[in-house]
Amino acid sequence: MHKGYLAFGYKLNCILFSHLPKTKKMTTERVQALACTGNLKELPEKFIRLADERPENTKPLEEVTVPVISLTECGGDLLVKEIHNACSEWGFFLLKDHGLSFGLIEKLQHVGMEFFKQPQEEKEKYANDPSIGKFEGYGTKMTKNLDEKVEWVDYFFHIMSPPSQVDYQIWPQIPSSYREVTEEYKEEVVKVTDRLLELLSEGLGLEGKALKSCLGGDELELEMKINMYPPCPQPELALGVEPHTDMSALTLLVPNDVPGLQVWKDNNWVVVDYLPNALFVNVGDQIEVLSNGKYKSVLHRSTVNKERTRMSWAVFCAPPHDAMIGPLPELVDEQNPSKYSTKTYADFRYCKFNKLPQ
């Protein structure tokens, strides 16, 4: 993969912004623009994490490796067992031989980076506003944080599927190929998602279609979030994304070649190394609930880099908002009582965003 498509560092970011006219007022300060002022030597206070959250004080294990699974090297019961073990012990694995072409991933990354190269005024046309429930579009802070600390990331978020939920007016118009490439990527991600949900179902002793059926069947939502983490002057004090689990069912993510993702395992953070052309697969909250805790929603965070820009393309696979999600009856008995309440995904989202008990 061309390195120019994989990572672009501080100098390129600043070149992209040095010629832009000054805007009169931005409703939200963007991290990418802040990083490229040219004189940022220290982090503003709002980005500095509490002492027990800072990467410098919570160093990860680097000798531990996360599971790596091939969809083609083995099949049948062995593949089901590998995925079951990874999802029950880690809630995370790297997936290779998944069928997504090297060239398609490269094109997806290219069109995403092209959006972030646009003048600030152009990007602001797509600004979202989570405070009023407008989550799709260009944004900087997505989670409520009681400490009011801001994550070192800008992002673009939009729904890709099903067609009834897609608003193409929100999708980037520049580059002009964004829609075509993203639609092609979506079609391939649907195939991988269906296969993974089938294998996860079988790992629970269920029919292959069990989990997808509970998650809305063909109404399963696919949501794209492009994360852009610019070079950070003090990466040891900041986080790109704070520790969290994904509220979705599954997350399928492709990064560029700049490391940063860490997952929580056995009371330690574990570095996830870059593996070319692999999908990073996270188990999300909805799969944990449906499996009655047999599969684990992985706690993870993103760190940032002093010299290089990190980017990732995450596809969240989530049920429709009116879907009722709770432990599957087949997985509940006297020895395994229900560990989770049953509620609509909309109610789950509300509690998650507002940090309320589930």
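Residues numbered from 1 in each chain as written. Predicted model: local features only at pLDDT ≥ 70, side-chain atom pairs only at ≥ 80, totals over all residues. Heavy atoms only, no water.

### Looking at the nonpolar core
So, step 1. Core analysis: the largest hydrophobic core is formed by 64 residues, its most contacted members being I83, F93, L95, Y185, L196, M224 and L279.
So, step 2. Sort the elements by how many residues they give to this core and helix α7 (residues 178–203) lands first, with nine residues.
So, step 3. What Y185 contacts, discounting residues up to four positions off in sequence, is L100, L104, I105, L108, M224, V254, L279 and V315.
So, step 4. With 21 residues, the next largest nonpolar core counts Y155, V298, A314 and F316 among its residues. (Core = buried A, V, L, I, M, F, W, Y, C linked by side-chain atoms within 4.5 Å. Buried < 20%, exposed > 50% of the residue type's maximum accessible area, 1.4 Å probe, protein only. Helix = DSSP H or I, 4+ residues; strand = E, 2+ residues; numbered from the N terminus. Contact = heavy atoms within 4.5 Å.)

### Focus on the pattern of salt bridges
So, step 1. The tally for this structure, following the rule as stated, stands at 21 salt bridges.
So, step 2. A salt bridge links D194 to K212; the nearest nitrogen and oxygen atoms lie 2.7 Å apart. Here the residue D194 occupies a position in helix α7, and K212 occupies one in helix α8 (residues 210–214), the gap between them amounting to 18 residues.
So, step 3. Its salt-bridge partner being E242, residue K355 comes within 4.0 Å of it at the nearest N-O pair. In this pair, K355 is assigned in the segment after α10 (345–353) and E242 in strand β6 (residues 241–244), connecting sequence segments 113 residues apart.
So, step 4. The class for K355 is partly exposed, based on a relative accessible area of 43%.
So, step 5. Look at the salt bridges and you will find they share partners, linking R49, E53, E242 and K355 into a network. (Salt bridge = Lys/Arg side-chain N within 4 Å of Asp/Glu carboxyl O.)

### Describing the packing of aromatic side chains
So, step 1. Counted by the stated rule, this structure contains twelve aromatic pairs.
So, step 2. Taking the centre distance of 5.9 Å and the plane angle of 70° together, the rings of F115 and Y138 count as edge-to-face. With a gap of 23 residues between them, F115 in helix α5 (residues 102–116) and Y138 in strand β3 (residues 137–139) connect regions that are remote in the sequence.
So, step 3. Seen from their ring centres, W171 and Y178 are 6.1 Å apart, and the 90° between their planes marks the pair as edge-to-face.
So, step 4. You can call Y178 buried: its relative accessible area is 1%.
So, step 5. Every member of this aromatic cluster is reached through a ring pair, and the members are F115, F116, Y126, Y138 and F156.
So, step 6. Directly above the aromatic system of Y168 lies the positively charged group of R179, at a separation of 3.4 Å from the ring centroid. (Phe/Tyr/Trp six-rings, centres within 6.5 Å; stacked < 30°, edge-to-face > 60°. Lys NZ or Arg CZ within 6 Å of the ring centre and 35° of its normal.)

### Focus: the sheet that holds strand β8 (residues 261–265)
So, step 1. If you walk across this open sheet you meet the four strands as β6-β11-β8-β9, and the pairing is antiparallel. Looking along the sheet, the strands with just one partner apiece sit at the ends: β6 and β9 (268–271). Taking the axes of each pair of neighbouring strands and ignoring which way they run, one obtains an average angle of 25° across the sheet.
So, step 2. Examined bridge by bridge, β8 and strand β11 (residues 300–302) share three bridges and lie antiparallel to one another. The partner of V263 across the bridge, within β11, is H300. (Pairing = 2+ DSSP bridges. Axes fitted to C-alpha atoms, helices over the stretch in contact; angles between N-to-C directions.)

### Remarks on the environment of F92
So, step 1. Tracing the sequence through the fold places F92 in strand β2 (residues 92–96).
So, step 2. By relative accessible area, F92 is classed as buried at 0%.
So, step 3. Between the C-alpha atom of F92 and that of H300, which follows or precedes it by 208 residues, the distance is 9.6 Å.
So, step 4. Not counting residues within four places of it along the chain, the set of residues in contact with F92 comprises V66, P67, A86, L261, V263, V272, F280, V281, N282 and V298.

### Focus on the sheet that holds strand β10 (residues 279–283)
So, step 1. Strand order in the open sheet made by the eight strands is β1-β2-β10-β7-β12-β5-β4-β3, with mixed pairing throughout. In this open sheet, the two edge strands, each paired with only one partner strand, are β1 (68–70) and β3. Each adjacent strand pair in this sheet contributes to an overall mean axis angle of 25°, direction not counted.
So, step 2. Summarising the sheet, strand β7 (residues 250–255) and strand β12 (residues 310–318) pair through six bridges and their orientation is antiparallel. By the bridge assignment, T251 is partnered in β12 with F316.
So, step 3. Along the sheet face, α5 touches β3, β4 (154–161), β5 (221–229), β7 and β12 and points at about 110° away from the line of β12.

### Things to note about α7
So, step 1. In this model, α7 (26 residues) spans 37 Å end to end at C-alpha, consistent with the 38 Å of a helix rising 1.5 Å per residue.
So, step 2. Once α7 finishes, G205 follows within two positions and takes phi at roughly 80°, a positive value. (Expected span 1.5 Å × (residues − 1).)

### Focus: the side chain of Q286
So, step 1. Along the chain, the position of Q286 falls in helix α9 (residues 285–290).
So, step 2. What makes Q286 buried here is its relative accessible area of 1%.
So, step 3. For Q286, the residues in contact, after removing those within four places along its chain, are L215, M247, S248, A249, P319, I325, Y345 and F348.

### Topic: unusual backbone geometry
So, step 1. In this model, S161 is joined to P162 through a cis peptide bond whose omega is 5°.
So, step 2. Its location among the elements puts P162 in the loop between β4 and α7.
So, step 3. Across the junction of I174 and P175, the peptide omega takes the value 5°, indicating a cis bond.
So, step 4. Here P175 lies in the loop between β4 and α7.

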